[in-house]
Amino acid sequence: MEISKTADQALVLLLRIADQGARTPAELARATGMNRTVVHRLLATLQGRGFVFKRGDRYALGAALMRMAGQFEPELRAVARTVMADLAERLHETLVLAVREDDQVVIVEQVAGSHHLVRAQYELGYRHPITLGASGLALLAFLGEQERETLTARTEEPQRITRRLAEVRALGYAVTHDELRVGAYGLAVPVRDGDGEVVASLAVIVPTTRTPGFTDHAPTLAEAAERITKLLAGATEA
């Protein structure tokens, strides 16, 4: 497959900023291995189109990307956010909705708990391998067998991942800690559409200090996921 090198380089810069936050041209050049002149030229183009903006000497994601993000899974996000806001109020913890992109997971919606001064949360658009973190495992474990095996076979330890996914299916939820961020625990369940296909995962994340009794949230989280499924089915029928 033939690709445009310039377009690919611009996308690499955007993904780097999305993953690591605002960065200087020099930092981006070092991180990507691109020539600094090329980085400056690409950033100027992206800034001109609103994809990045300059904050001091650093570049951050711009409004154009935010507008585009609003069009990503709008129905799922709108339905889920209502349920997540209610659950965050009840649990006093942060709720995260993630979807799959090939062998990665992307955070597409989040409602941060406001009750505690110390809380765990992620940036919208944050992505990570589907084999890591509660959100990823809850998605991967409940995919169709063939699709699950294809993704698992790409890993360095397919047998270990397979055993881990079997445990997730037996429990009905995934629990992880310190895999994506040190000091954060995650508990996630799959979210299905009206046809029973897994379309997302719903997770609650907490800091280490509030982990006692953490898995007690699993039934409540599963009920919330089922509520999202029913609302999605209703929206589809409408």
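Before any of the text, the structure's been laid out above.
So, a few notes on the structure that sits alongside this text. (Residues numbered from 1 in each chain as written. Predicted model: local features only at pLDDT ≥ 70, side-chain atom pairs only at ≥ 80, totals over all residues. Heavy atoms only, no water.)

**A few points about helix 2 (residues 25–32)**
Here's step 1: Burial in helix 2 covers these residues: P25, A26, L28 and A29. All buried residues of helix 2 lie within an arc of 165° about the axis, which places them on one face of the element.
Here's step 2: Packing partners of the buried residues in helix 2 comprise helix 1 (5–20), helix 3 (36–48) and strand 2 (58–61).
Here's step 3: Residue G33 follows helix 2 closely and has a positive phi angle near 75°. (Buried < 20%, exposed > 50% of the residue type's maximum accessible area, 1.4 Å probe, protein only. Helix = DSSP H or I, 4+ residues; strand = E, 2+ residues; numbered from the N terminus. Arc of directions from axis to C-beta. Contact = heavy atoms within 4.5 Å.)

**Description of the pattern of salt bridges**
Here's step 1: According to the stated counting rule, one finds eleven salt bridges in the structure shown.
Here's step 2: Here E27 makes a salt bridge to R58, at a shortest N to O gap of 3.0 Å. Of this pair, E27 sits in helix 2 while R58 sits in strand 2; the two residues are 31 residues apart in sequence, bridging distant segments of the chain.
Here's step 3: A relative accessible area of 31% means that R58 is categorised as partly exposed.
Here's step 4: Ionic contacts of the salt-bridge type, sharing partners, join the residues R77, R81 and E109 into one network. (Salt bridge = Lys/Arg side-chain N within 4 Å of Asp/Glu carboxyl O.)

**Comments concerning the packing of helix 7 (residues 145–153) against helix 8 (residues 158–171)**
Here's step 1: Between helix 7 and helix 8, the shortest axis-to-axis distance is 9 Å and the interhelical angle comes to 140°. When the axis of helix 7 is compared with that of helix 8, the two are oblique. For the pair helix 7 and helix 8, the sense of crossing is right-handed. Where helix 7 abuts helix 8, its residues R148, T152 and A153 lie against P158, I161, T162, L165 and R169. (Axes fitted to C-alpha atoms, helices over the stretch in contact; angles between N-to-C directions. Parallel < 35°, antiparallel > 145°, perpendicular 65-115°, else oblique. Left-handed = near helix turned anticlockwise from the far one by under 90°.)

**Focus: the layout of surface pockets**
Here's step 1: By volume, the second largest pocket amounts to about 230 Å³.
Here's step 2: Lining the second largest pocket are D103, P129, I130, T131, L132, L151, R154, T155, E156, E157, R160 and I161. (1 Å grid on protein atoms, 1.4 Å probe; cavity = no way out; pocket = protein on both sides within 12 Å on 5 of 7 lines; lining within 4 Å. Points joined across faces, edges and corners; volume = space filled by probe spheres on them.)

**Re helix 6 (residues 133–141)**
Here's step 1: Taken across its nine residues, helix 6 has nine buried, putting it largely inside the fold.
Here's step 2: Of the residues making up helix 6, those classed as buried are G133, A134, S135, G136, L137, A138, L139, L140 and A141.

**Section: empty space enclosed by the protein**
Here's step 1: On inspection of all chains with the given rule, the structure shows one cavity of 30 Å³ or more.
Here's step 2: Quantified by volume, the largest cavity comes out at close to 140 Å³.
Here's step 3: Lining the largest cavity are 19 residues, and of these Y122, G133, A134, L180 and I205 lie nearest its centre.
Here's step 4: Those elements giving two or more residues to the lining of the largest cavity turn out to be helix 6, strand 6 (174–177), strand 7 (184–192) and strand 8 (198–207).
Here's step 5: Across the lining of the largest cavity, the residue classes tally to ten nonpolar, six polar and three charged. (Nonpolar A, V, L, I, M, F, W, Y, C, P; charged D, E, K, R; others polar.)

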